[in-house]
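Okay, here's what each chain looks like letter by letter:
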2 protein chains.
Amino acid sequence: MADIKSPPHGATKLTANPLFLRDEELRQAIEMLFFAYRDFTGVADEILADYGFGRAHHRAIYFIGRHPGMTVSDLLRILRITKQSLNRVLGQLIEEGYVSQQKGVQDRRQRLLRLTDKGRALEERLSAAQRTLIAGAYREVGAESVEGFRKVLLGIMGNEEDRERFERLLPPRR
Amino acid sequence: MADIKSPPHGATKLTANPLFLRDEELRQAIEMLFFAYRDFTGVADEILADYGFGRAHHRAIYFIGRHPGMTVSDLLRILRITKQSLNRVLGQLIEEGYVSQQKGVQDRRQRLLRLTDKGRALEERLSAAQRTLIAGAYREVGAESVEGFRKVLLGIMGNEEDRERFERLLPPRR
DNA sequence: CATATAAGTCAACATGGCTGACATAAAATC
DNA sequence: GATTTTATGTCAGCCATGTTGACTTATATG
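Residues numbered from 1 in each chain as written. Chains lettered and ligands numbered in written order. Predicted model: local features only at pLDDT ≥ 70, side-chain atom pairs only at ≥ 80, totals over all residues. Heavy atoms only, no water.

### Focus on the protein's contact with DNA strand D
Here's step 1: Around DNA strand D sit 26 residues in total, of which A:Arg59, A:Ser85, A:Arg88, B:Ser73 and B:Lys83 are the nearest.
Here's step 2: The sugar-phosphate share of atoms of DNA strand D within 4 Å of the protein amounts to 55%.
Here's step 3: Between DNA strand D and A:Arg88, the relevant distance is 2.3 Å, taken from a base nitrogen to a side-chain nitrogen or oxygen of the residue.
Here's step 4: Between DNA strand D and the protein, one listed contact pairs a phosphate oxygen with a side-chain N or O atom of B:Gln101 at 2.5 Å. (Near = heavy atom within 4 Å. Polar contact = N/O pair within 3.5 Å; in protein donor to acceptor, adjacent residues only side chain to side chain.)

Okay, structure coming up:
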């Protein structure tokens, strides 16, 4: 037991095994992502509960708000869920007046999605809660740290297409 | 259409509204968290599917591996789910030999939870996939960025108790 | 005209949250 | 020693949100 847990004696303090440290650092990152994401979604979940909505509704509202006039296929591609799953929540959002549909002009098979005023109000409430949370975190750290945070998140994103959405705001850096 | 999408002409480049930029920065953070977390869990989900397990199993395995000998109550407190929800997955993990239970010594009502060898093997597989993903992201950026990433995630975590788990590895910085 | 595509629908099923009610064993308290 | 509290587990049922598969309708495109 003891011989497994403790690294070889003597050199421990000064030459702490870099492989162990690296591993521990990575494990901490995993755990921090879990807790941070839980709290991040938590602030929105509380609001959604007032409306009888869930996270699925939030995601739809978020992306429609972000890309007004997007098609149903666009939304499916971003969310990576099935049409049937999406239609359950999208149907509710449309019926309850949070999202409007409009036939496409070039392609009239498409239904272009937009938030109504009511939808925008909800989106703003949800987004404000999450932005406040993140703004608080950003405020406590320097601009460097914020940039580091962004870079690491970009690195975690596997999909090149997703990544491209974010390369715009900040300078290319190459 | 066009007048909605484009910001007012002329002054955009040089005097870009700092409030708008801040807002856009925060909105991007929200979106990046969504995509990064989706991919982060995605690499584990693929493995879990091989075992017929879901994310709930993963979380239990993860925290039991991280805190061997923890009690059921401890786990409930970390996961913030109900006993009934936990027992559904924990029961499977125990029955299929991934987790062992052992009566507490001081308090024999407690069931101390540990991964079996089989459980540790699965934990290692899952963790390795996620660590690889994060290691890749860490490798592309500097140590500064990693530190910034950690700081921002800590700032997002509301709960002081959760936060304390992470203040150990890195220097206090005050 | 034939085929492909965008969207929607119905039905059935799985996972993993939840509530509420209750049981058992062991610890803690009066 | 009797009572109460705590740690754990269990049964039953509900809800949200994901899945697959089959099929329809309208429209675009070759």
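Structure's up, so let's keep going.
### Remarks on the protein's contact with DNA strand C
Here's step 1: Taken together, the neighbourhood of DNA strand C is formed by 26 residues, with A:Ser73, A:Lys83, A:Arg109, B:Arg59 and B:Arg88 sitting nearest.
Here's step 2: Considering DNA strand C, the proportion of its atoms within 4 Å of the protein that are sugar or phosphate atoms stands at 56%.
Here's step 3: Between B:Thr82 and DNA strand C, the recorded distance is 2.6 Å, taken from a backbone N or O atom to a phosphate oxygen.
Here's step 4: Side-chain polar atom of B:Ser85 to a phosphate oxygen of DNA strand C: 3.5 Å apart, as the coordinates give it.
Here's step 5: Breaking the surface near DNA strand C down by element, the ones donating at least two residues are α4 (72-79) and α5 (83-95) of chain A together with α3 (55-66) and α5 (83-95) of chain B.
Here's step 6: Per-element tally for the surface near DNA strand C: the top contributor is α3(B), with 4 residues.
Here's step 7: Across the surface near DNA strand C, the residue classes tally to 3 nonpolar, 12 polar and 11 charged. (Helix = DSSP H or I, 4+ residues; strand = E, 2+ residues; numbered from the N terminus. Nonpolar A, V, L, I, M, F, W, Y, C, P; charged D, E, K, R; others polar.)

### A word on the confidence of the model for chain A
Residue and element names in this part refer to chain A.
Here's step 1: Confidence in the prediction for chain A averages 86 pLDDT; 84% of positions are at 70 or higher.
Here's step 2: Per-element confidence in chain A ranges from a low mean pLDDT of 27 for helix α1 (residues 2-5) to a high of 98 for strand β2 (residues 111-115).
Here's step 3: Long-range and interchain partners of residues 1-13, a stretch whose pLDDT sits below 50, account for 2 contacts in this model, where long-range means more than four residues apart. (pLDDT = per-residue confidence, 0-100. Contact = heavy atoms within 4.5 Å.)

### Description of the packing of helix α3 (residues 55-66) of chain A against α5(A)
In a packed pair of helices, the relevant descriptors are the angle between the two axes and the axis-to-axis distance.
All names here are of chain A.
Here's step 1: The geometry of α3 relative to α5 is characterised by a closest axis approach of 9 Å and an angle of 70° between their N-to-C directions. Put simply, α3 runs roughly perpendicular to α5. The crossing of α3 and α5 is right-handed. Contacts between α3 and α5 pair Ala 56, His 57, Ala 60, Ile 61 and Ile 64 from the former with Val 89, Leu 90, Gln 92 and Leu 93 from the latter. (Axes fitted to C-alpha atoms, helices over the stretch in contact; angles between N-to-C directions. Parallel < 35°, antiparallel > 145°, perpendicular 65-115°, else oblique. Left-handed = near helix turned anticlockwise from the far one by under 90°.)

### Quick word on empty space enclosed by the protein
Here's step 1: Throughout the structure, instances matching the rule amount to 1 cavity of 30 Å³ or more.
Here's step 2: In this model, the largest cavity occupies a volume close to 180 Å³.
Here's step 3: Taken together, 14 residues make up the lining of the largest cavity; nearest its centre are A:Tyr37, A:Phe40, A:His58, A:Arg59 and B:Phe34.
Here's step 4: Counted by class, the lining of the largest cavity contains 7 nonpolar, 3 polar and 4 charged residues. (1 Å grid on protein atoms, 1.4 Å probe; cavity = no way out; pocket = protein on both sides within 12 Å on 5 of 7 lines; lining within 4 Å. Points joined across faces, edges and corners; volume = space filled by probe spheres on them.)

### Here we look at the relation of the copies chain B and chain A
Here's step 1: Aligned on chain A, chain B shows an RMSD of 0.0 Å; the corresponding rotation is 180° and the shift along the axis is 0.0 Å. In short, the pair behaves as if placed about a two-fold rotation axis. In terms of proximity to the rotation axis, the leading residue of chain B is B:Phe149, whose C-alpha is 1.9 Å off the axis.
Here's step 2: Same-surface contact between copies: 98% of interface residues of chain B are shared with the interface of chain A. (Least-squares fit on C-alpha atoms with pLDDT ≥ 70 in both.)

### Things to note about the interface of chain B and chain A
Here's step 1: Between chain B and chain A, the residue contacts involve 62 residues of the former and 62 residues of the latter.
Here's step 2: Counting across the interface, chain B meets chain A through 12 salt bridges.
Here's step 3: With a shortest N-O distance of 3.5 Å, B:Arg27 and A:Glu124 are connected by a salt bridge.
Here's step 4: Put simply, chain B and chain A have 20 residue pairs in polar contact (both at pLDDT 80 or more) between them. (Salt bridge = Lys/Arg side-chain N within 4 Å of Asp/Glu carboxyl O.)

### Examining α5(A)
All names here are of chain A.
Here's step 1: Taking 1.5 Å as the rise per residue, α5 with 13 residues should run 18 Å; its terminal C-alpha atoms sit 17 Å apart, in good agreement.
Here's step 2: All of the buried residues in α5 are Leu 86, Val 89, Leu 90 and Leu 93.
Here's step 3: Contact partners of the buried residues in α5: α3, α4, β1 (99-103) and β2.
Here's step 4: Phi for Gly 97, located one or two positions after α5, is positive at around 80°. (Expected span 1.5 Å × (residues − 1). Buried < 20%, exposed > 50% of the residue type's maximum accessible area, 1.4 Å probe, protein only.)

### Side note on the packing of helix α7 (residues 143-156) of chain A against helix α6 (residues 117-140) of chain B
Here's step 1: Running from N to C, α7(A) and α6(B) point in directions that differ by 135°, and their axes come no closer than 8 Å. Considering the angle they form, α7(A) stands oblique to α6(B). Viewed along their axes, α7(A) and α6(B) form a crossing whose handedness is right-handed. From α7(A), A:Val152, A:Gly155 and A:Ile156 reach across to α6(B), where they touch B:Leu133, B:Ile134, B:Ala137, B:Tyr138 and B:Glu140.

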